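These are the residues of each chain, in order.
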There are 2 protein chains.
Amino acid sequence: MPIQEVSLRNVTIFDHFWSPRQELITDVTIPYMEKILRDEVPEAKKSHAISNFRMAAGEESGAFYGMVFQDSDVAKWLEAAAYSLLLKPDHELSERVDELVALIGRCQQEDGYLNTYFTVKEPGNRWTNLLECHELYCAGHMMEAGAALHEAAGKDDLLHICIRLADHICDRFEKEEGIPGHQEIEIGLLRLFHVTGKKRYRDMALRFLELRGRDPEWFIKHTPPHPGIHYGGYDIEPSDTIYNQSDVPVREQTVARGHAVRQLYLLAAMADAAAETGDREMLNACQRLFDDITQKQMYVTGAVGSSAYHEAFTVDYDLPPDRCYGETCASVAMVFFAHNMLKNHPDGRFADLMELELYNAALAGMQLDGKRFFYVNPLEVDMRVSGKAPGYEHVLPKRPPWHDCACCPPNLTRLIASLGRYLWSEDDDTVYSHLLIGSEATTRFGRIRMESGYPWQGDACYTVADGGDFTLAIHIPGHAASYTMRVNRHLEEYPVRNGYVYIRRIWNAGDTVSLNFDMPVRRLHADIRVRSCAGKTALARGPFIYCFEEVDQEEQLSSVSLSPEVKIDTVSSLSGLPEGMVCLSMEGKTDVSPDMQYSPDLIRRRPCQLKAIPYYAWANRSPGNMNVWIREQ
Amino acid sequence: MPIQEVSLRNVTIFDHFWSPRQELITDVTIPYMEKILRDEVPEAKKSHAISNFRMAAGEESGAFYGMVFQDSDVAKWLEAAAYSLLLKPDHELSERVDELVALIGRCQQEDGYLNTYFTVKEPGNRWTNLLECHELYCAGHMMEAGAALHEAAGKDDLLHICIRLADHICDRFEKEEGIPGHQEIEIGLLRLFHVTGKKRYRDMALRFLELRGRDPEWFIKHTPPHPGIHYGGYDIEPSDTIYNQSDVPVREQTVARGHAVRQLYLLAAMADAAAETGDREMLNACQRLFDDITQKQMYVTGAVGSSAYHEAFTVDYDLPPDRCYGETCASVAMVFFAHNMLKNHPDGRFADLMELELYNAALAGMQLDGKRFFYVNPLEVDMRVSGKAPGYEHVLPKRPPWHDCACCPPNLTRLIASLGRYLWSEDDDTVYSHLLIGSEATTRFGRIRMESGYPWQGDACYTVADGGDFTLAIHIPGHAASYTMRVNRHLEEYPVRNGYVYIRRIWNAGDTVSLNFDMPVRRLHADIRVRSCAGKTALARGPFIYCFEEVDQEEQLSSVSLSPEVKIDTVSSLSGLPEGMVCLSMEGKTDVSPDMQYSPDLIRRRPCQLKAIPYYAWANRSPGNMNVWIREQ
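Residues numbered from 1 in each chain as written. Chains lettered and ligands numbered in written order. Predicted model: local features only at pLDDT ≥ 70, side-chain atom pairs only at ≥ 80, totals over all residues. Heavy atoms only, no water.

Q: How do you make sense of the overall build of chain A when you look at a structure like this?
A: For chain A, the helix and strand inventory stands at 15 helices and 24 strands. Taken over C-alpha atoms, the radius of gyration comes to 24 Å for chain A, in line with the 26 Å a tight globule of 633 residues would show. With respect to the principal axes defined by its C-alpha atoms, chain A has extents near 70 × 70 × 50 Å. Every one of the 633 residues in chain A was classed for burial, and the buried ones make up 66%. If you take every contact in chain A between residues at least 6 apart in sequence, the share linking residues at least 24 apart comes to 71%. (Helix = DSSP H or I, 4+ residues; strand = E, 2+ residues; numbered from the N terminus. Rg over C-alpha atoms; globule rule 2.2 N^0.38 Å. Buried < 20%, exposed > 50% of the residue type's maximum accessible area, 1.4 Å probe, protein only. Contact = heavy atoms within 4.5 Å.)

If you want it as structure tokens, here you go:
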């Protein structure tokens, strides 16, 4: 039996950090987002996504509005709502979900086709422009929603719609050539396969992967001219084959390139496919790109895709903090990718990456009130230029009410709502714990409960509720320099492989494993090839990367620095932030500015107090300058 | 009598730094550039500028090619050739100039109009689109060339052509409203006025200045739609009134904004006009903008206009070194502006700015062989991104053979060829020496000769050849912390005002004034609001800003830093550079990169040797990384 995730139906989270966030998602975010999709929030940009479905069903008149992939906002919201119904039964939400699914059903064409843009606006042009038109992308998201409603909420209506849709897609693309312009259908089909067991969907996903890059000119040959119509949000050139990773076969890819979310959805699907088929070449490609991204193209927060131009990866070590793109969706997709890599083999680097994204780059996408979201996640904000000056237009210092391209908010929402999926796996003889998030998993070896002071404290205690003969493999966070482990209160040592400690025992009901490790403040330094980080340090503690917001400082951020040896204290939450957040306080130095713009005088420095907060919590007070990296001198 | 420049006819340069550069201009650059304008250099991009004139004269068939302002390349080349003929008589060049001027004459329309683009391509659309079509801009440059040929070469044919052109422009715009989309006509008309004494041209220039910004919607109201035609090199929006400084009247401008060269040509004309009319409000506006630019918007090299988007100023202290635009033309225009400010009052800040630009940002525009030119002058080059990655496309690490928009090469050429204009001024009782460039000036008080070891040594000796009763006002470079002065070998002190020492004497023929000052290596530090320079230093010595090229280092540039206290030695020229160049050598430190992209390990540093060269000489060896600013820690 290969490694399989413990289904989120079998995981209950009771974590002092994440449970309140899941409650926020169920109580605030999901209903609020639904209102936006229904255009009922006056201050938010219009979504019209649900109206588009009404129009496609012939139940409303008017014009299609929004992105060609506007349907996917509804699909991702439905997926999140499915998880929400599992976390917290809600009869009214359940009914509204059913109504919405029924509406979607009424939009489906007789042959199974489902896409409001083409149904409303260009019914004659279905499937004519795979490069830009996102029909397969929207279908993939709908399949994920269908699978989620089945798994989490026991609702099968959307699943049936998606089966018809998937059959329609298989009918069309099983023989004919075609590759998606934006990867996602591969994920959706694999998920539909996992739920239905129908090999046809798996094979269709594999075929889409297989064909990609076989003919590097496929999009050039198969994209019709369409002057004056911009399907993709911006002009997508058929000849830019790097943009959507269609220039080389997927197994031959060596570095992450092009549009970051496309690249990562592709990798997530490839990793899932490799786990399914045992395809080593596919897995090796995934591993190469994992290494490339995490060692050369990732910000310290976990953000990826450094360039706003085409929302893309650029070149190794090109990681400007102030013009960072770091799309929230890309960080969410990093979690998907790492999670699917864990299905192939348990390696702490995958779990560490999930942790980095969950506590930092992805989580920063959401305001603490659960209502607003970042699309772009910079590591440095200068209010004079951010959001304004050329090259900085995308770097907003404040999460906006909604987005023209609203892919990120429901993406992060579905991730947090489905967090249970990412915590535990199991195979023939082992239960794996990947993340120190308080929860109880019901596995094939019975119930295992884990309680933890994490992420603020370095401890966790596992209780094997039902006993049995199996291995409990616990991932020790990569940042823990050492740890102590007690089994039933006795210090014990067990073998560690790839970041997991493997505890093979015949367990008695009630046996416990407790872990303890220090969580000192770490000063991170970057590879010297990251120009923008040279001479700087980023502070971290436990899973968190910290940042400096100007509102907490006595001095301008651009003037401050930190001595290499200075002691950094933890303090309780700073003014204007929720209680319980561990913040940092330290003595820094501030440069006294010379009188002239350029002066030959020695720089004078005087002491000042500096405070840092976890990066995920930035931009929750009045907008101001922010830095993750601080000069160390 | 107001302060007037000593005409370049009356100044002979014999400077060990600049004379070889002027020879390079006469012997190499001007003939080479002429070949390019005639499309005779196969490896260079096509210019077609002279062919356009032949077509306009009806002597060649074919299509207009190039920018709508391609004529100005020819005008600036002619202006440079005029100065060249004064520096070094050249019968063949003189004949070719005459022929070219005759060709230009044959292009002139009966009513005086002169512009090849409209004559060849859109004869019906003359003067219909002042925003983008550069007719007034080209006319201004032609007038400068006409004035230069008259002043420097005693040739009046082009002057007569320009008088007809100016009269045509006056006829059209004296009563009718109109403002130039790219300032330059004001400079040209004022120069024509200085040469001809015809007040009509002065008044027309003043009117163009006066009307600018009076009606902020002027361009919106007067720009015809022209779908599919891009006159300006890129789309220029009529509503973007900041771009060309037409949103407020010129006297009310407070900060430099929009397209840098437009802003600076405007300021150069305003300063000239203020000197001519005594308009205090105009002068105050110039002074405000001078302060704004030099204290908040200028790179340490003198480069200005930090954004590639619209080649523009952005906001205070936004000076990214690696995406710097810093157009060569903008630095050339800074010299024009400062020079015209000196006509209003002698202030060392204006002379210092001329010096900064001449020895650094402007001069770096030209390759040491005189053949290739930069348009963009960055302060940091990373070969992985420069010239390639999004946002860095403009940052070339190597001067290209020629440019589609070739404004910079002839602009810098005419500046260096006419350097004599910028050295000396005079008024009723004073002769001013602005720059320490070895030369002899024939003034109303007779000949004054200056010899100097500058820019490599801090000394200068003035000899008053003819004697007389007057004041010799010598600008002491702003970087000199102190100096000693000897008059006829006796230490003397004289009053200093605004950076000039005023030596009032009854001079005997042969009297000398010798100046000595130290030229230590200076470590410059930026205002703390310049984020990109925080914690860094730039090295300077005398008028030069230095830079580090990777070819001279033992270590990667991004890894190196300098202790605040380390001694910096001067060394003779480095390998691959001309003899006589004073370079710098020092012990630096290199960071040892951690094993991971982000590591909690302390940064280890070990000593390494660092070498720096004058910034103007960068990119004359094999292309590689370059930094002006270096970490100081």
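Q: Would you explain the relation of the copies chain B and chain A in this entry?
A: Superposition of the two copies of the chain requires a rotation about an axis together with a shift along that axis. Once chain B is rotated about the relating axis by 180° and shifted along it by 0.1 Å, it coincides with chain A to within an RMSD of 0.0 Å. These values place the two chain copies in the arrangement generated by a two-fold rotation axis. Distance from the rotation axis, computed per C-alpha, reaches its smallest value in chain B at B:Gln633: 2.8 Å. Looking at chain B, 100% of its interface residues are interface residues in chain A too, so the copies touch through the same face. (Least-squares fit on C-alpha atoms with pLDDT ≥ 70 in both.)

Q: Mind showing me how you'd approach the nonpolar core here?
A: One broad rule of soluble globular proteins: the nonpolar side chains tend to lie buried together. Ranked by internal contacts, the top residues of the largest apolar core, which has 232 residues, are A:Trp424 and A:Tyr462. Among the elements that line this core, the one with the most residues is helix H11 (residues 260–277) of chain A, at 12 residues. Among the nonpolar cores identified, the runner-up in size contains 230 residues, and B:Val11, B:Tyr265, B:Val304 and B:Tyr502 belong to it. (Core = buried A, V, L, I, M, F, W, Y, C linked by side-chain atoms within 4.5 Å.)

Q: Can you walk me through the sheet that holds strand S4 (residues 424–426) of chain A in this structure?
A: Sheet strands pair by backbone hydrogen bonding; their relative direction is either parallel or antiparallel. All names here are of chain A. Across the sheet, which stays open at both edges, the six strands sit in the order S1-S4-S5-S9-S13-S12 with mixed pairing between neighbours. Each edge of the sheet is formed by a strand with only one pairing partner; in this case those strands are strand S1 (4–5) and strand S12 (496–497). Alignment of S4 against strand S5 (residues 430–433), held across three bridges, turns out to be antiparallel. Pairing of Glu426 across the sheet is with Val431, part of S5. (Pairing = 2+ DSSP bridges.)

Q: Even after reading the chapter, I still don't get the domain arrangement of chain A, so can you show me in this structure?
A: How big an interface is tends to be expressed through the accessible area that disappears when the partners come together. All names here are of chain A. Taken as a whole, chain A is organised into domain 1 (248–422), domain 2 (424–516) and domain 3 (522–632). In this assembly, four residues from domain 2 lie in contact with 11 residues from domain 3. Taking both sides of the interface into account, the surface hidden between domain 2 and domain 3 amounts to around 600 Å²; carbon and sulfur atoms contribute 68%. Interface area lost by domain 2 to domain 3 is led by Pro455, Trp456 and His479, which between them contribute 93%. (Domains from an automatic or database assignment. Buried area = accessible area lost by both parts, 1.4 Å probe.)

Q: Explain the packing of helix H8 (residues 185–196) of chain A against H11(A) to me, please; I cannot follow it from the model alone.
A: Relative placement of two packed helices is described by the angle separating their axes and the distance separating the axes. All names here are of chain A. Contact geometry of H8 with H11 gives a least axis separation of 9 Å together with a crossing angle of 35°. Here H8 runs over H11; the crossing is left-handed. Residues Glu186, Ile187, Leu190, Phe193 and His194 of H8 pack against Tyr265, Ala268, Ala269, Asp272, Ala273 and Glu276 of H11. Tallied by class, residues from the contact of H8 with H11 come to seven nonpolar, one polar and three charged. (Axes fitted to C-alpha atoms, helices over the stretch in contact; angles between N-to-C directions. Left-handed = near helix turned anticlockwise from the far one by under 90°. Nonpolar A, V, L, I, M, F, W, Y, C, P; charged D, E, K, R; others polar.)

Q: What should I look at first to understand the interface of chain B and chain A in this one?
A: Contact with chain B, which involves 56 residues of that partner, is made by 57 residues of chain A. With both sides pooled, the region where chain B packs onto chain A buries about 4,600 Å², and carbon together with sulfur makes up 52% of that total. For the chain B face of the interface with chain A, the top three residues by lost area are B:Arg531, B:Gln597 and B:Tyr598, together amounting to 19%. Where chain B meets chain A, there are six salt bridges. A:Arg531 is paired through a salt bridge with B:Asp322; the nearest N and O atoms lie 3.2 Å apart. For the pair chain B and chain A, the interface holds 34 residue pairs in polar contact (both at pLDDT 80 or more). Elements with a minimum of two residues in the side of chain B that touches chain A: helix H12 (280–296), strand S15 (521–526), strand S21 (598–599) and strand S24 (629–632) of chain B. (Salt bridge = Lys/Arg side-chain N within 4 Å of Asp/Glu carboxyl O. Polar contact = N/O pair within 3.5 Å; in protein donor to acceptor, adjacent residues only side chain to side chain.)

Q: It is not clear to me how helix H14 (residues 348–361) of chain B should be interpreted in this structure. Could you clarify?
A: Owing to its 3.6 residues per turn, the α-helix brings residues three or four apart onto one side. All names here are of chain B. Taking 1.5 Å per residue, 14 residues should reach 20 Å; H14 reaches 19 Å between its end C-alpha atoms and fits that length. When you tally the buried positions in H14, you get 12 out of 14 residues, the bulk of the element. Regarding H14, the residues found buried are Gly348, Phe350, Ala351, Leu353, Met354, Glu355, Leu356, Glu357, Leu358, Tyr359, Asn360 and Ala361. Where H14 begins, the capping side chain belongs to Asp347, and its oxygen is found 2.9 Å from the backbone nitrogen of Arg349. (Expected span 1.5 Å × (residues − 1).)

Q: Would you take a moment to explain a negative patch on the surface for this structure?
A: Taken together, the side chains of A:Asp90, A:Glu92, A:Glu95 and A:Glu99 define an acidic patch exposed on the protein surface. Inspection of the secondary structure assignment puts A:Glu99 in helix H4 (residues 91–107). (Patch = residues over 30% accessible without salt bridge, like charges linked within 9 Å, V, L, I, M, F, W, Y side chains within 5 Å. Areas by Shrake-Rupley, 256 points an atom, 1.4 Å probe, with all protein chains shown as cover. Lys, Arg positive; Asp, Glu negative; His and termini not counted. Charge placed at Lys NZ, Arg CZ, Asp CG, Glu CD.)

Q: Explain the environment of B:Pro477 here, please?
A: All names here are of chain B. By the element assignment, Pro477 lies in the loop between strand S9 (468–475) and strand S10 (484–487). The sequence separation of Pro477 and His434 amounts to 43 residues, and the corresponding C-alpha distance is 8.8 Å. With sequence-adjacent residues up to four places away left out, Pro477 is seen in contact with Asp352, Glu355, Leu436, Tyr454 and Phe517.

Q: How do you make sense of helix H7 (residues 157–173) of chain B when you look at a structure like this?
A: Residues and elements named next belong to chain B. The end-to-end C-alpha separation of H7 is 24 Å, in line with the 24 Å expected for 17 residues at 1.5 Å each. Those residues of H7 that fall on the buried side of the exposure criterion are Leu158, Leu159, Ile161, Cys162, Ile163, Leu165, Ala166, His168, Ile169, Cys170 and Phe173. Where H7 is buried, its residues meet helix H3 (71–87), helix H4 (91–107), helix H6 (135–153), helix H8 (185–196) and helix H9 (199–211).

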